[in-house]
Amino acid sequence: MTATLIKVPSFRNTQRVKFVGGEGIVRSFKPESGSWTYLVEMALGQKPDFGRVGAETMVILNEADLRAV
């Protein structure tokens, strides 16, 4: 049995981050393939005339794709 060590996550829940294509808020993260992947909720755009139906877009990004705001 071998132990795999990975570094501490660079971002925390509710932290604002930037990435290619936009910015958002970290909602969760988990270790994957020796790094961290993050579920990021994209920032809300302007409210459309017909209102909001549900949650905004959420994307899963690797730690290397994120920058702190």
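Everything below is about the structure shown above.
Conventions we followed
- Along every chain, residues carry numbers that run from 1 in the direction the sequence is written.
- Predicted model: local features are reported for residues with pLDDT of at least 70 only, side-chain atom pairs are reported and counted for 80 or more only, and whole-chain, interface and lining totals are derived from all residues.
- Side-chain measures were taken over the full set of non-hydrogen atoms in the model, leaving aside hydrogen atoms and water.
- Two strands make a pair as long as DSSP finds a minimum of two bridges between them.
- The secondary structure listing takes helices from DSSP runs of H or I that are at least 4 residues long and strands from runs of E that are at least 2 residues long, numbered from the N terminus.
- Pairing of aromatic rings covers Phe, Tyr and the six-membered ring of Trp, with a centre-to-centre limit of 6.5 Å; geometry is then stacked below 30 degrees between planes, edge-to-face above 60, and tilted otherwise.
- Throughout this description, buried means an accessible area under 20% of the type-specific maximum (1.4 Å probe, protein chains only), exposed means over 50%, and partly exposed covers the range between.

## Some thoughts on the sheet that holds strand β4 (residues 58-62)
The strand order across the open sheet formed by 5 strands is β4-β3-β2-β1-β5, and the pairing between neighbours is antiparallel. Each edge of the sheet is formed by a strand with only one pairing partner; in this case those strands are β4 and β5 (67-68). Pairing geometry for strand β2 (residues 22-32) and strand β3 (residues 35-42), over 8 bridges, is antiparallel. What sits directly across from glycine 24, in β3, is methionine 42.

## What to know about the environment of glutamine 15
Summarising the element assignment, glutamine 15 is placed in the segment before β1 (16-19). Between the alpha carbons of glutamine 15 and isoleucine 25 there is a distance of 5.5 Å; along the sequence they are 10 residues apart.

## Focus: the packing of aromatic side chains
By the definition in use, this model includes 3 aromatic pairs. For the ring pair phenylalanine 11 and tyrosine 38, a centre distance of 5.5 Å and an interplane angle of 80° mean the geometry is edge-to-face. Residue phenylalanine 11 is located in the segment before β1, and its partner tyrosine 38 is located in strand β3; the two are separated by 27 residues in the primary sequence. Accessibility expressed as a relative area gives 1% for tyrosine 38, which makes it buried. With centroids separated by 5.6 Å and ring planes inclined at 75°, the aromatic side chains of phenylalanine 29 and tryptophan 36 adopt a geometry described as edge-to-face. Exposure remark for phenylalanine 29: the relative accessible area of 31% places this residue in the partly exposed category.

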